[in-house]
Amino acid sequence: MADNSLIPKVLVEANIPYIDRLSSVAQVVRLAPADFTPDSVREADAIVVRTRTRCNQALLNGSRVKFVGTATIGTDHIDLDWCRATGITVANAPGCNARAVAEYVFGSIAHLRPAPLNQYTIAIVGVGHVGRIVEQWANSLDMTVLPVDPPRQRAEGGSRWYSLVQAAAQADIITFHTPLTREGQDATFHLADNDFFAQLQRKPLIINAARGPIVDTAAWLNAIDRGLCSDAVVDCWEGEPNINAELLAKAAVASPHIAGYSQLGKMRASQMVVDALTQHFNLPRVALFDSPLPDTPHAITYQQALAAYNPADDTNALRANPQAFEDLRNHYKLR
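Because the structure is predicted, anything quoted here is derived from the model rather than measured.

J.: Just to check I follow, could you spell out the overall build of the protein chain for this structure?
T.: If you tally the helices and strands in the protein chain, you get 14 helices and eleven strands. The C-alpha radius of gyration of the protein chain comes to 21 Å, within 12% of the 20 Å expected for a compact globule of 335 residues. Dimensions of the protein chain, computed from C-alpha atoms along their principal axes, come out at roughly 65 × 45 × 40 Å. Residue burial in the protein chain is summarised as follows: out of 335 residues, 50% are buried. Taking contacts inside the protein chain between residues at least 6 apart in sequence as the whole, the part at least 24 apart equals 62%. For the protein chain, the accessible area works out to roughly 14,600 Å², and carbon and sulfur atoms hold 49% of it. In the protein chain, the 29 positive side-chain charges and the 34 negative ones have mean positions that sit 2 Å from each other.

Laid out in structure tokens, this is it:
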């Protein structure tokens, strides 16, 4: 649909903020996540969703949808192959919430580990949008940094890279920031399994603020029980929203998949998806905000880390009512 005289109909998930100005160039209809059905999307030209909406043949077949935008960094809720084969353009928002996730990581570390942080070695598994910021901030705090990223290591070479085995042996803190992939030489599904935990040498703090299935829950619990690792920081869970009660009880920090939930992260995500949508339909660009969004700082102090995120409230709220996982996530007060 390249004719500007035609106004595309766009279904937008109700919980996606900062997107109202899109209605200046498109017919925007807000829907709750559960209301994205084959019937509701049939006459839509585009949909804009988050991770809870499965965008696949079951939802989209027979519709006129030609654009799927997700206001998230991940796309594992979208059948990319099927969309590609049927001519549906898919756009996500890579890096939109990277700063927020890094703030979550360092806020959790600062509340669980005393200053100065330069006494710790941190392994960063996955040095992409989030991992780069985590690495930069860790370096600014004079921490010893072990970057683990086999695809980047193969592409870039150099001697700065570490293996997951080396990270398990040397790190005091291990934080995961990979996408979720299930096939290929760099598959990340259950990347942290029983073999990984068995190789831990320094009882590290383990952080999963990436995707739940990157860490095998049963293996993690076994490692905690055996004293192979110390504190667990869990933002992403296997089986969300039906999370493991035992891991919830034993985690030092437990949150309902909100590490990236900052105002700035949501603002970036909405703008990136709207830009992709307007480009796809040859519409005028819609600036959702009156001023440019701020850049990510290159350094952080211990006090700034403490102030960036305090995990106590989120942990207490999730423990008090784990069945409210989705409600806590959907109505989270953005940092």
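The discussion continues.
J.: Just to check I follow, could you spell out the sheet that holds strand β3 (residues 46-49) for this structure?
T.: Within a sheet, each strand pairs with its neighbour through backbone hydrogen bonds, oriented either parallel or antiparallel. Overall, parallel pairing links the five strands, which are arranged β2-β1-β3-β4-β5 in an open sheet. Because the sheet does not close on itself, it has two edges, and the strands there are β2 (27-31) and β5 (89-91). For this sheet, the mean inter-axis angle between neighbouring strands, taken without regard to orientation, is 15°. Lying on the sheet, helix α11 (residues 263-280) is in contact with β1 (9-13), β3, β4 (67-70) and β5; it crosses β4 at an angle near 170°.

J.: So what exactly am I meant to see when it comes to helix α4 (residues 98-112) here?
T.: One turn of an α-helix holds 3.6 residues; hence residues three or four places apart share an orientation. Over its 15 residues, α4 runs 21 Å from end to end, which matches the ideal 21 Å to within 8%, given 1.5 Å per residue. Most of α4 is tucked away, with twelve of its 15 residues classed as buried. When we look at burial in α4, the residues that qualify are A98, A100, V101, A102, E103, Y104, V105, F106, G107, S108, I109 and A110.

J.: Mind showing me how you'd approach the pairing of β3 here?
T.: If a strand is regular, its side chains alternate between the two faces of the sheet. Side chains A46 and V48 of β3 all project onto a buried face; the interleaved residues I47 and V49 project onto the opposite face, where all are buried too. The pairing of β1 with β3 spans three bridges and is parallel. When the sheet's bridge partners are listed, L11 is paired in β3 with I47.

J.: Please explain unusual backbone geometry as it appears in this structure.
T.: With glycine set apart, most residues show a phi of negative sign, and most peptide bonds adopt trans. Cis geometry is found at the peptide bond from A115 to P116, where omega equals 0°. Despite not being glycine, H190 has its phi angle at roughly 50°, a positive value. Here H190 lies in the loop between β8 (173-176) and α8 (194-198). Located in the positive-phi region is H257, a residue other than glycine, with phi close to 55°. Relative to the assigned elements, H257 resides in the loop between β11 (253-254) and α11. Assessed through its relative accessible area of 11%, H257 is described here as buried.

J.: Looking at this model, I keep getting lost on the packing of aromatic side chains. Mind explaining?
T.: For any two aromatic rings, the description comes down to two numbers: the centre-to-centre distance and the angle of the planes. Counted under the stated rule, the structure contains seven aromatic pairs. Within the aromatic cluster, the residues linked to one another by ring pairs are F176, F196 and F197. Against the face of W161 rests R160, its NZ or CZ located 4.2 Å from the ring centre. Directly above the ring of Y261 sits K266, whose terminal nitrogen or CZ lies 3.7 Å from the centroid.

J.: Teacher, can you tell me more about empty space enclosed by the protein here?
T.: The method is simple in principle: a probe with the dimensions of a water molecule rolls over the atoms, and the space it marks as empty is what remains. Going through the model one piece at a time under the given rule, you end up with one cavity of 30 Å³ or more. In this structure, the largest cavity encloses a volume near 40 Å³. Taken together, N208, G212, V215, T217, W220, V234, C236, W237, E238 and L247 make up the lining of the largest cavity. Considered class by class, the residues forming the lining of the largest cavity number six nonpolar, three polar and one charged.

J.: Got a minute to help me understand the packing of α4 against helix α5 (residues 129-140) in this structure?
T.: To describe two helices that pack against each other, one gives the angle between their axes and the distance between the axes. The N-to-C vectors of α4 and α5 enclose an angle of 50°; their axes lie 8 Å apart at closest approach. Taken together, α4 and α5 sit at an angle that is classed as oblique. Here the hand of the crossing between α4 and α5 comes out right-handed. Here α4 contributes A98, R99, V101, A102, E103 and F106 to the contact with α5, which in turn contributes H129, V130, I133, V134, W137 and A138. When the residues that make up the contact of α4 with α5 are grouped by side-chain class, the tally is nine nonpolar, one polar and two charged.

J.: Where do I start with the pattern of salt bridges in this structure?
T.: For the coordinates displayed, the defined rule picks out 19 salt bridges. Between R50 and E13 there is a salt bridge; the shortest N-O distance is 2.9 Å. In this pair, R50 sits in the loop between β3 and α2 (57-60) while E13 sits in strand β1, placing the two residues 37 residues apart along the sequence. Across the pair, exposure class does not vary: R50 and E13 are buried alike. Between D39 and R42 there is a salt bridge, with the nearest N and O atoms lying 2.8 Å from each other. Take D39: its relative accessible area is 59%, and that puts it in the exposed class. On the basis of relative accessibility, which here comes to 33%, the residue R42 falls in the partly exposed class.

Cut-off values and rules
Residues numbered from 1 in each chain as written. Predicted model: local features only at pLDDT ≥ 70, side-chain atom pairs only at ≥ 80, totals over all residues. Heavy atoms only, no water. Helix = DSSP H or I, 4+ residues; strand = E, 2+ residues; numbered from the N terminus. Rg over C-alpha atoms; globule rule 2.2 N^0.38 Å. Buried < 20%, exposed > 50% of the residue type's maximum accessible area, 1.4 Å probe, protein only. Contact = heavy atoms within 4.5 Å. Areas by Shrake-Rupley, 256 points an atom, 1.4 Å probe, with all protein chains shown as cover. Lys, Arg positive; Asp, Glu negative; His and termini not counted. Charge placed at Lys NZ, Arg CZ, Asp CG, Glu CD. Pairing = 2+ DSSP bridges. Axes fitted to C-alpha atoms, helices over the stretch in contact; angles between N-to-C directions. Expected span 1.5 Å × (residues − 1). Phe/Tyr/Trp six-rings, centres within 6.5 Å; stacked < 30°, edge-to-face > 60°. Lys NZ or Arg CZ within 6 Å of the ring centre and 35° of its normal. 1 Å grid on protein atoms, 1.4 Å probe; cavity = no way out; pocket = protein on both sides within 12 Å on 5 of 7 lines; lining within 4 Å. Points joined across faces, edges and corners; volume = space filled by probe spheres on them. Nonpolar A, V, L, I, M, F, W, Y, C, P; charged D, E, K, R; others polar. Parallel < 35°, antiparallel > 145°, perpendicular 65-115°, else oblique. Left-handed = near helix turned anticlockwise from the far one by under 90°. Salt bridge = Lys/Arg side-chain N within 4 Å of Asp/Glu carboxyl O.

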